[in-house]
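Listed below, chain by chain, are the residues.
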Amino acid sequence: MSSQICRSASRAARSLLSAPKQSSRFFSEGRAAAAATAFLVKGKVPYLASFGKADSGNGSRGWISGALALPAAAYMLQEQEAHAAEMERTFIAIKPDGVQRGLISEIISRFERKGYKLVAIKIVVPSKEFAQKHYHDLKEGPFFNGLCEFLSSAPVIAMVWEGVGVIKYGRKLIGATDPQKSEPGTIRGDLAVEVGRNIIHGSDSPETAKDEINLWFKPEELVSYTSNAEKWIYGVN
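Computed from a prediction, not measured in an experiment: that's the story for all the values here.

Draft legend 1. Spatial organisation of the packing of aromatic side chains. This structure, assessed with the given rule, holds 3 aromatic pairs. With centroids separated by 5.3 Å and ring planes inclined at 25°, the aromatic side chains of F111 and W161 adopt a geometry described as stacked. Within this pair, whereas F111 is found in helix α5 (residues 104-114), its partner W161 is found in strand β3 (residues 156-164), the two being separated by 50 residues in sequence. Each member of the pair, F111 together with W161, is buried.

Draft legend 2. Structural context of the nonpolar core. Core analysis: the biggest nonpolar cluster contains 21 residues, and I107, F111, W161, I199 and I200 have the highest contact counts within it. Those elements that place two or more of their residues in this core are β1 (87-94), α5, β3, α8 (166-174) and α9 (187-191). Examining the composition of this core, we find that 4 residues originate from one element, α8, more than from any other. Sequence-distant contacts of I200, that is, excluding residues within four places in its chain, are made with I92, A93, K95, I107, F111, I174, I187 and R188. Core analysis: the second largest hydrophobic core is formed by 15 residues, A120, L151, I213 and W216 among them.

Draft legend 3. Here's a closer look at the layout of surface pockets. Its boundaries defined by the atoms lining it, the largest pocket holds a volume of some 580 Å³. As for the largest pocket, its lining consists of 24 residues, and the residues nearest its centre are H134, Y135, D137, L138 and H201. Listed by contribution, the elements that provide at least two residues to the lining of the largest pocket are α6 (128-134), α7 (144-151), β4 (200-202) and α10 (206-216). Top element by residues in the lining of the largest pocket is α10. It accounts for 4 residues.

Draft legend 4. Seen up close, the sheet that holds strand β2 (residues 117-124). As summarised here, the arrangement of the 4 strands in space is β2-β3-β1-β4, forming an open sheet in which the pairing is antiparallel. The sheet is open, and its two edges are formed by β2 and β4, each paired on a single side. The average undirected angle you get between the axes of adjacent strands in this sheet is 20°. Sheet strands in contact with α10 are β1, β2, β3 and β4, and its direction is about 60° off that of β1.

Draft legend 5. Inspection of the UniProt feature "binding site: ATP" (unreviewed entry) in the protein chain at higher detail. Residues annotated in UniProt with the feature "binding site: ATP" (unreviewed entry) correspond here to K95, F143, R171, T177, R188 and N198. Residues from the annotated list that form part of the lining of the largest pocket: K95, F143, R171, T177, R188 and N198. Relative to the assigned elements, R171 resides in helix α8. In contact with R171, not counting residues within four places along its chain, are G202, S203 and D204. On the accessibility criterion, T177 (45% relative accessible area) is partly exposed. Apart from residues no more than four positions distant in its own chain, T177 is found in contact with R188, V195 and N198.

Draft legend 6. Representation of the packing of α5 against α8 within the structure. Running from N to C, α5 and α8 point in directions that differ by 135°, and their axes come no closer than 11 Å. Considering the angle they form, α5 stands oblique to α8. The two elements α5 and α8 cross, and the hand of that crossing is right-handed. For the pair formed by α5 and α8, the contact residues are R110, F111 and K114 on the first element and Y169, G170, L173 and I174 on the second. Of the residues belonging to the contact of α5 with α8, the class tally is 4 nonpolar, 1 polar and 2 charged.

What counts and what doesn't
Residue positions within a chain follow its written sequence, with the count starting from 1. This being a predicted model, a pLDDT of at least 70 is required before a residue's local features are given, and a value of 80 or more before pairs of side-chain atoms are given or counted; all residues contribute to the totals for chains, interfaces and linings. Think of the side-chain values as coming from all heavy atoms in the structure, minus any hydrogens and water. Here a pair means two rings of Phe, Tyr or Trp (six-membered ring of Trp) with centres within 6.5 Å. Their orientation is stacked below 30 degrees between planes, edge-to-face above 60, and tilted elsewhere. Numbered from the N terminus, helices here are DSSP runs of H or I no shorter than four residues, and strands are runs of E no shorter than two. Each residue's exposure class comes from its accessible area (1.4 Å probe, protein chains only) as a fraction of the maximum for that residue type: buried when under 20%, exposed when over 50%, partly exposed otherwise. Residues belong to a common nonpolar core when they are buried Ala, Val, Leu, Ile, Met, Phe, Trp, Tyr or Cys residues joined through side-chain atoms within 4.5 Å. By the convention used here, residues are in contact when the closest approach between their heavy atoms is within 4.5 Å. We place a 1 Å grid over just the protein atoms. Points where a 1.4 Å probe fits but has no way out form a cavity, open points with protein on both sides within 12 Å along at least 5 of 7 lines form a pocket, and any residue with an atom within 4 Å of a point lines it. Grid points are joined across faces, edges and corners, and a volume is the space filled by probe spheres set on the points. Two strands form a pair only when DSSP identifies at least two bridges running between them. Geometry is summarised by axes, namely lines fitted to C-alpha atoms with helices restricted to the contacting stretch, and by angles between N-to-C directions that run from 0 to 180 degrees. UniProt positions are given in the numbering used here, feature names are shortened, and annotations may be inferred rather than shown by experiment. For classification, angles of less than 35 degrees are called roughly parallel, those exceeding 145 degrees roughly antiparallel, those between 65 and 115 degrees roughly perpendicular, and all remaining angles oblique. In this scheme the crossing of two helices becomes right-handed for a clockwise turn of the near helix relative to the far one and left-handed for an anticlockwise turn of less than a right angle. Each residue receives one of three labels: charged for Asp, Glu, Lys and Arg, nonpolar for Ala, Val, Leu, Ile, Met, Phe, Trp, Tyr, Cys and Pro, and polar for the others, Gly being one of them.

Here it is in structure tokens:
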């Protein structure tokens, strides 16, 4: 009997998770409560806590309760899968001017306070050849040589940050390329003045982030871990 219940539960969960887009509102609007109450039987609220537990008084009650818990369980699984799918990694570098001005902790704290997670960091003085690889997409510009010389002139803090929407919002935290056009509250808007000394670099797309992370870090230098703060940031336990 228990194996039959497990098979039925598995099929039901898969069916719920593979439902067409029209049913997505069922999960997004009502959350777990709506998912549970939408399957009421004879007006009784399902006993979610009894899922998987035996009921000596009524053998069918535990089975029904478990079945009724499936919508809520499926919703929670869907939420977790969506959260995992949205997690991104981006490359952030504190340029030589930011390092020399003692802004390392200030810049790191802004990403941390937002809720992003640091998964790689190192200090390095890039060679000019390495800087040319980093700025390869700007090699036709008149300022290419100056950019490469500056990046290779002193230590750089190279980092990889992880989080939901970290690529796009990381750019918002940084601000516009020209500090004079950056909004107050952004890193460049608060801490930089000249475009040639704008203290920080951040990947501008998923493709760029992947390329820059691979350029600056070896795979073994990237760390995967769960932060204790994540359940408070994303609401996933």
